[in-house]
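# Commentary on secondary and tertiary structure
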Amino acid sequence: MIYADNAATTRMSDAAIEAMTACMKETYGNPSSLYGIGQKAKEALEGARDEVVKAIGAEDYREIIFTSGGSEADNQAIRSAAEFGKQAGKMHIISTAFEHHAVLHTLKKLEKEGFEVTLLDVHENGLIRPEEVESAIRPDTCLVTIMYANNEIGTIQPIREIGAICRAKNVLFHTDAVQAIGHINVNVKEDNIDMLSASAHKFHGPKGTGFLYVKKGIKITNLIEGGAQERGKRAGTENVPGIVATGVALKEAIDNLEKNAEITQKKRDRLIAGLKEIPHSAINGDENSRLPGNVNFCFEGIEGESLLLLLDDKGIQASSGSACTSGSLDPSHVLLAIGRVHDVAHGSLRLSINEEITDEEVEYIIKSVKEVVEYLRSFSPIWRDLVAGKKEFIL
Ligand SMILES: *Cc1c(COP(=O)(O)O)cnc(C)c1O
């Protein structure tokens, strides 16, 4: 089996699994308890927090709130900025059309509550233009939230420039960095980030764990009421085993980041070159400003779901886009946002790889996708019309 869906989730690293099980067996105390095993758990928790601080270039351990994952961190950051914005009479938020649903759905709700949301165009290359962020900022803007790297097409946004603009204009800047953390260099200080969301299961940590970075001095509200855990910003007994494993996985990812990115990128580029040979295909998203492990293509005249099922038969686990949209008949909002028309957007394939994939596996994927696309086209009515000239090729 070739696993090529690391943007959906990753396999936990052995070190993270070991740290997690050791914690469950031996450090099972409640970190809020004062006796020995509780304090041990507290130490483990704070050790993991220090790893996060180091990994993202934060200043202080108080800037990190552990959450149940990326979605919760996104919700908390946006809700919080909205609440304080409202208090100050600022009810305008800027984001993009291709954010993760954790962001987009939260914004939709806020619109119902009276907020105004501007979704910036991501253009054909899947990249935000900083000058368009600047001109969208108004006196009543309380938040700019733009993802670091897109989960479907892998494009990496000019976050540092956007952050600098927000700083200069004195507007809060949040980034959903779930796809970036552990894969490319992220530094909250250098990148001028006020709030950042991350999720452990996207960097070989466990599912159900993540964190929110909130720069010192920025006020934050809680989503969950209860105890005083996480300095009162996230109630509930901490997921100590998950958090400990998150710290281990993150350290591992950061320690090996340059090396793994270089290896992965080479394989990615070979995959892109191979798939480009398929007639009437196109890569989605900018080729250069792109996550090291992301390959995303559209193939004209086929239907993505069938492509995935046939690839699965060949032992290749991939996706058409995000895990969230599969199962629905709607084409990906990300592909529509970069201007792909419905027919074309339906024939998409995302391969998200890591450094573990072998050259032989890469060649096998290229060969298999070529075969399957050709096979599906052989009985596709749309393809027949295209070839007969009854319909015009788009790609
Ligand atoms: C996976 C993902 C999320 C959600 O993270 P969870 O930990 O699964 O809640 C949010 N944003 C992006 C960009 C993602 O890829």
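The rules behind these values
Residues numbered from 1 in each chain as written. Predicted model: local features only at pLDDT ≥ 70, side-chain atom pairs only at ≥ 80, totals over all residues. Heavy atoms only, no water. Helix = DSSP H or I, 4+ residues; strand = E, 2+ residues; numbered from the N terminus. Buried < 20%, exposed > 50% of the residue type's maximum accessible area, 1.4 Å probe, protein only. Contact = heavy atoms within 4.5 Å. Areas by Shrake-Rupley, 256 points an atom, 1.4 Å probe, with all protein chains shown as cover. Lys, Arg positive; Asp, Glu negative; His and termini not counted. Charge placed at Lys NZ, Arg CZ, Asp CG, Glu CD. Pairing = 2+ DSSP bridges. Axes fitted to C-alpha atoms, helices over the stretch in contact; angles between N-to-C directions. Salt bridge = Lys/Arg side-chain N within 4 Å of Asp/Glu carboxyl O. Domains from an automatic or database assignment. Buried area = accessible area lost by both parts, 1.4 Å probe. Parallel < 35°, antiparallel > 145°, perpendicular 65-115°, else oblique. Left-handed = near helix turned anticlockwise from the far one by under 90°. Right-handed = clockwise from strand over helix to strand, strands pointing away. Expected span 1.5 Å × (residues − 1). Arc of directions from axis to C-beta. Core = buried A, V, L, I, M, F, W, Y, C linked by side-chain atoms within 4.5 Å.

Turning to the overall build of the protein chain, a few remarks are in order. Secondary structure assignment for the protein chain yields 13 helices and 12 strands. Structurally, the protein chain occupies a C-alpha span of about 75 × 50 × 35 Å along its principal axes. Looking at the 395 residues of the protein chain, the share that counts as buried comes to 56%. Nonlocal contacts in the protein chain, meaning residues at least 24 apart in sequence, comprise 72% of its contacts between residues at least 6 apart. Total accessible area on the protein chain stands at roughly 17000 Å², and carbon and sulfur atoms take up 52% of it. Distance from the positive charge centre (44 side chains) to the negative charge centre (58 side chains) of the protein chain: 3 Å.

Let us now look at the sheet that holds strand E10 (residues 294-299). Working definition: the strands of a sheet are paired by backbone hydrogen bonds and lie parallel or antiparallel to each other. Pairing within the open sheet is antiparallel, and its 3 strands lie in the order E9-E10-E12. At either margin of the open sheet sits one strand with a lone partner, and together these are strand E9 (281-283) and strand E12 (348-352). For this sheet, the mean angle separating the axes of adjacent strands, direction not counted, is 20 degrees. Pairing geometry for E9 and E10, over 3 bridges, is antiparallel. Each bridged residue has a counterpart across the sheet, and for Ile 283 the counterpart in E10 is Phe 297. Helix-sheet contacts for helix H9 (residues 304-313) involve E10 and E12, and the interaxial angle to E12 is about 45 degrees.

Strand order across the open sheet formed by 7 strands is E2-E8-E7-E6-E5-E3-E4, with mixed pairing between neighbours. Edge strands, defined here as strands with exactly one partner in the open sheet, are strand E2 (64-67) and strand E4 (116-120). Within the sheet, the average angular offset between the axes of one strand and its neighbour, ignoring direction, is 20 degrees. In the packing of helix H6 (residues 159-169) onto the sheet, contacts are made with strand E5 (141-145) and strand E6 (172-176), and the angle to E6 comes to roughly 155 degrees.

All chains considered together, the criterion is met by 29 salt bridges. Among the ionic pairs, Lys 54 bridges to Glu 51, the shortest N-O distance being 3.9 Å. On the criterion of helical spacing, the pair formed by Lys 54 and Glu 51 is a turn pair, its members being 3 residues apart in helix H2 (residues 36-56). For Lys 54, a relative accessible area of 60% translates into the label exposed.

Domain annotation of the protein chain identifies domain 1 (14-255) and domain 2 (257-388). When each unit is reduced to the centre of its C-alpha atoms, the spacing between domain 1 and domain 2 is 29 Å. Facing 30 residues of domain 1, the contacting portion of domain 2 comprises 24 residues. When residues of domain 1 are sorted by the area they lose upon contact with domain 2, His 101, Glu 152 and Ile 153 head the list and together hold 32% of the total. For the interface between domain 1 and domain 2, the tally reads 0 salt bridges.

The interhelical angle for the contact between helix H1 (residues 14-26) and helix H7 (residues 240-255), taken along N-to-C directions, is 155 degrees, at an axis separation of 8 Å. One element, H1, and the other, H7, form an angle in the roughly antiparallel class. As H1 packs across H7, the resulting crossing turns out to be right-handed. Two secondary-structure elements touch here, H1 through Ala 15, Ala 16, Ala 19, Met 20, Cys 23 and Met 24 and H7 through Val 240, Pro 241, Gly 242, Val 244, Ala 245, Val 248, Ala 249 and Glu 252.

Take the pairing of strand E3 (residues 92-96) next. Every regular strand shows the same layout, with side chains that alternate between the two sheet faces. Of all the 5 residues making up E3, 5 are buried; the element is thus mostly covered by neighbouring parts of the structure. The alternating pattern of E3 places His 92, Ile 94 and Thr 96 and Ile 93 and Ser 95 on opposite faces, both of which are buried. Here E3 runs beside E4; their pairing, made up of 5 bridges, is parallel. Each bridged residue has a counterpart across the sheet, and for Ile 94 the counterpart in E4 is Thr 118. In this view, the connection linking E3 to its parallel neighbour E4 by way of helix H4 (residues 101-112) has right-handed handedness.

Across its 13 residues, H1 extends 18 Å between first and last C-alpha, which sits within 8% of the 18 Å expected from 1.5 Å per residue. Those residues of H1 not exposed but buried are Ala 16, Ala 19, Met 20 and Cys 23. Down the axis of H1, the sector holding all buried residues measures 95 degrees, keeping them to one side. Opposite the buried face of H1, by more than 90 degrees, sit the exposed residues Asp 14, Glu 18, Lys 25 and Glu 26. Residues of H1 that are buried make contact with H7.

We now examine the nonpolar core. Generally speaking, soluble globular proteins have nonpolar side chains that are buried together. If you look at the biggest cluster of nonpolar residues, it comprises 58 residues, and the most contacted ones within it are Val 144, Leu 196 and Phe 211. No other element matches the 6 residues that H2 contributes to this core. If you count residues domain by domain, this core takes at least three from each of domain 1 (14-255) and domain 2 (257-388). Not counting chain neighbours up to four residues away, the residues in contact with Phe 211 comprise Val 52, Ile 56, Ile 64, Ile 65, Phe 66, Thr 67, Ala 73, Leu 196, Ser 197, Ala 198, Phe 203 and Leu 250. Among the nonpolar cores identified, the runner-up in size contains 27 residues, and Leu 271, Leu 307, Ile 316 and Ala 318 belong to it.

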